[in-house]
Number of protein chains: 2
Amino acid sequence: MSEAGGLSPTLVGTGDLFQLLRDGTPRTRGELARLSSLARSTVTARVDALLSSGLLEPVGEAASTGGRPPTRFALNRHDRVVLAIDLGASHATVAVSDLGGRVLGQRTVECDIADGPVTVVDLVARIGVELLDELGRPSRDVAGVGIGVPGPVEHATGRPANPPIMPGWHDVDVPELLSRHFGGPVLVDNDVNLMALGEYVTSWQESQHLLLVKVATGIGAGIVSDGRLMRGALGSAGDLGHVQVAGASADVVCRCGNVGCLEAVAAGPAIAAKLQAAGLDVTGSQGIVDAVAAGDVAALRAVREAGRDLGAVLATCVNLLNPSVIVIGGKLSEAGEYLLAGVREVVYQRSLPLATHDLRIVSSSAGSQAGILGASAMVIDAVLAPRAVDAYVAQRTV
Amino acid sequence: MSEAGGLSPTLVGTGDLFQLLRDGTPRTRGELARLSSLARSTVTARVDALLSSGLLEPVGEAASTGGRPPTRFALNRHDRVVLAIDLGASHATVAVSDLGGRVLGQRTVECDIADGPVTVVDLVARIGVELLDELGRPSRDVAGVGIGVPGPVEHATGRPANPPIMPGWHDVDVPELLSRHFGGPVLVDNDVNLMALGEYVTSWQESQHLLLVKVATGIGAGIVSDGRLMRGALGSAGDLGHVQVAGASADVVCRCGNVGCLEAVAAGPAIAAKLQAAGLDVTGSQGIVDAVAAGDVAALRAVREAGRDLGAVLATCVNLLNPSVIVIGGKLSEAGEYLLAGVREVVYQRSLPLATHDLRIVSSSAGSQAGILGASAMVIDAVLAPRAVDAYVAQRTV
């Protein structure tokens, strides 16, 4: 509802009209008037304002129905760029995308999250500036910054909340640290949430209800419901790793102090330990993936069994959340169909028929890019929202 | 974005301004201008339109700062009414509320859901008309109708989806049936979802993340996340009854054909059967509640044990959804602290510390009114939304 910059009453609501152009489909003024129920004169004024702001561009002409053919308009993806950052325990990926979420440049470096927020943020900011330089984009072109971190985050403030593997990051104002380097909003979220969003925007937008499960050294999930990330009261929603597996032995003690946790029976270290006990020389999730690729029967069995344990927990998630797609990502998803087969076996047996009616269980398609794509999508969603567009247009037409 | 009825460009957006008045707090034109960042002249035009539509009313004067004291305005709760309907397996409750969700009149009758949609809808519509008559409100005052049914619903279309205990209702266009009797939107949802919404709007709006569990003949849940009902892809989200309880005996066969389901160990019939086997003369959920009230030790133990089983499943829900409050409702919640004690025992033991940090586990406060209050809230939310208000104002100012 802002009239900042003296935007005229007619132009307040330009951001609403713009929503009809966000999907990239080129439309004429006439089509926009029809879709919005707005007066033709209002549409013309708003399209002009969007054109002069740079957010919109003409993209050729529609077929003429007699007379001069009308011009079509669409989002100008190149008007500004987004900085997307994905922090892991021991790596950082920094990318620059356009406003359509297309990655224009990207770099991954080793980086220990335990070095603390100031060191890590300085590093990724420096890489961001380098990438922008290489792309010939000045810092003022940055519409906003999205960053994923390996722990729970209070999304509204961008502060990590007691993240177990991020010493020194608790309650740190990450947006403030990044704002020293770049303009626009800085949005922070849990890395698995952003993987879920990345899978959603790239492959599953028509589904609206997606559950992404990351299986690697730990196990976590991100939930998209009605097309929106579900974060929970303290940002810890999707924390599957320490759910008790029905039927798991009470002898399995987890690092959290409880027994029978999903992570303690089905994550990379648990599978590797099982294989080592059977005499195999396997370390880490990559070792398991390699053993499966080599056709080692003990590895196939262990991965399938882990899939069943994961399936037992996901069956509960299916009844509770009623998703239309479950995406399995993370390093162990590279073990391919063996993990998925175990998951499917138990989910389809244990979930309610109605909830599995149209349910798909698939491997990640965005792979290791999911987090970056999600970080970019989160920012685009914010900076192209109606009120943000109103404010941007006002600022550019002063 | 409608300009139906020739609403002037200044008045499009009246619904946005109105959102600042929905909470019932009286505000002056000056306060509205400050809160909305709109020009004073725009605020004046929109307030005038809302006053003449009847949605807004003057409610006294603010303290003067010199000169004539400014008038305060607030939502006129009585401008229109909402019809709220709660259908159970064997009863129907029909209520009329104002636009603030206050119930003005209500009636409950016996009614077999298996009589089918035409018979049941005709019955509740007749009761609705009677209630309106008694309140002296004509049918044209009905802003919309909200109805809860005991089964999954595709909310977007209002059609029940394979509801197990509602023979004849599958895929029936319930909104169309009710539209024959009343104007305005007709919104249909699962009864437990509406209980969750009812608890949320009456007691927990500041929490934003609520899980309501109904424990009676069956067990089901409704999820409010970020203040919105989470329904899932096919409207079956929250279906907890057939989740496998970790640690439950594999001998317990559920009516769904699986073993170890929550309903088979912790719902009313399971507890009653256990008490009967111990020689007690207990039938139904009411019988269990009575036995607990009478201090029968076997009943206390059985209810507490059921609470533990429920807690095992809710611990998973807590990790997955990170709610800030769990509300236990349904007939068995009247067994009071014994059920809750069992739930708390296991949830606080099995959930992650971060997720239980601020978690409250409480009994329903709205009780049997929760469904009606939720149905009313669902309709109010729709008819007082920005675009709906724009359209209403346009129609009333023609």
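Above this note sits the structure.
An account of the accompanying structure is given in this report.

### Quick notes on the interface of chain B and chain A
Taken together, the 53 residues of chain B in the interface contact 53 residues of chain A. Taking both sides of the interface into account, the surface hidden between chain B and chain A amounts to around 4,700 Å²; carbon and sulfur atoms contribute 57%. Linking R387(B) and D16(A) is a salt bridge whose minimum nitrogen-to-oxygen distance equals 3.5 Å. Summed over the shared surface of chain B and chain A, the number is 19 residue pairs in polar contact (both at pLDDT 80 or more). Take the side of chain B that touches chain A: its biggest share by element is five residues, from helix α10 (residues 297–321) of chain B. Per-class residue counts for the side of chain B that touches chain A are 24 nonpolar, 20 polar and nine charged.

### Concerning the sheet that holds strand β10 (residues 186–190) of chain B
Residues and elements named next belong to chain B. The strand order across the open sheet formed by five strands is β6-β5-β4-β7-β10, and the pairing between neighbours is mixed. Two strands lie at the open edges of the sheet, namely β6 (103–110) and β10, each paired on one side alone. Between one strand axis and the next, the sheet turns through 15° on average, direction left out of account. With six bridges connecting them, strand β4 (residues 81–87) and strand β7 (residues 142–149) associate as parallel partners. Within the sheet, the bridge partner assigned to A84 lies in β7 and is G146. Contacts from helix α6 (residues 191–203) reach β4, β7 and β10 within the one sheet, and its direction differs from that of β10 by about 100°. Together, β4, β5 (91–98), β6, β7 and β10 form the strand contacts of helix α13 (residues 370–383), whose direction differs from that of β4 by roughly 140°.

### Some details on the side chain of S53(A)
All names here are of chain A. Following the sequence through the fold, S53 ends up in helix α3 (residues 40–53). Looking at S53, the relative accessible area reads 0%, which means it is buried. Within the local environment of S53, its side chain forms a polar contact with the backbone nitrogen of L55, the two atoms lying 3.2 Å apart.

### Structural notes on empty space enclosed by the protein
Summed over all chains, the structure comprises six cavities of 30 Å³ or more. Roughly 240 Å³ of internal volume is contained in the largest cavity. Lining of the largest cavity is provided by 21 residues; of these, Q244(A), T316(A), Q244(B), A246(B) and T316(B) occupy positions nearest its centre. Counting residues per element, the ones that place at least two in the lining of the largest cavity are α10 (297–321) of chain A together with α10 of chain B. Looking at the lining of the largest cavity residue by residue, the classes come out as 11 nonpolar, eight polar and two charged.

### Focus on the side chain of T316(B)
Its location among the elements puts T316(B) in helix α10. Note on T316(B): relative accessible area 10%, which makes it buried. Leave out the neighbours within four places in its chain, and T316(B) touches V243(A) and T316(A).

### Here's the deal with the nonpolar core
Counting 97 residues, the largest nonpolar core has V213(A), L240(A), L314(A), V213(B), L240(B) and L314(B) as the members making the most contacts within it. With sequence-adjacent residues up to four places away left out, L314(B) is seen in contact with L211(B), V213(B), L240(B), I326(B), I328(B), V343(B) and V347(B).

### Overview of the relation of the copies chain B and chain A
It takes a turn of 180° to lay chain B on chain A, together with a shift of 0.1 Å along the axis; the resulting RMSD is 0.1 Å. Given the turn and translation reported, the copies of this chain are related as if by a two-fold rotation axis. Across chain B, the rotation axis passes nearest the C-alpha of A246(B), at a separation of 2.0 Å. Take the interface residues of chain B: 100% of them recur as interface residues in chain A, which is what a same-surface contact looks like.

What counts, and at which threshold
- Residues numbered from 1 in each chain as written.
- Chains lettered and ligands numbered in written order.
- Predicted model: local features only at pLDDT ≥ 70, side-chain atom pairs only at ≥ 80, totals over all residues.
- Heavy atoms only, no water.
- Contact = heavy atoms within 4.5 Å.
- Buried area = accessible area lost by both parts, 1.4 Å probe.
- Salt bridge = Lys/Arg side-chain N within 4 Å of Asp/Glu carboxyl O.
- Polar contact = N/O pair within 3.5 Å; in protein donor to acceptor, adjacent residues only side chain to side chain.
- Helix = DSSP H or I, 4+ residues; strand = E, 2+ residues; numbered from the N terminus.
- Nonpolar A, V, L, I, M, F, W, Y, C, P; charged D, E, K, R; others polar.
- Pairing = 2+ DSSP bridges.
- Axes fitted to C-alpha atoms, helices over the stretch in contact; angles between N-to-C directions.
- Buried < 20%, exposed > 50% of the residue type's maximum accessible area, 1.4 Å probe, protein only.
- 1 Å grid on protein atoms, 1.4 Å probe; cavity = no way out; pocket = protein on both sides within 12 Å on 5 of 7 lines; lining within 4 Å.
- Points joined across faces, edges and corners; volume = space filled by probe spheres on them.
- Core = buried A, V, L, I, M, F, W, Y, C linked by side-chain atoms within 4.5 Å.
- Least-squares fit on C-alpha atoms with pLDDT ≥ 70 in both.

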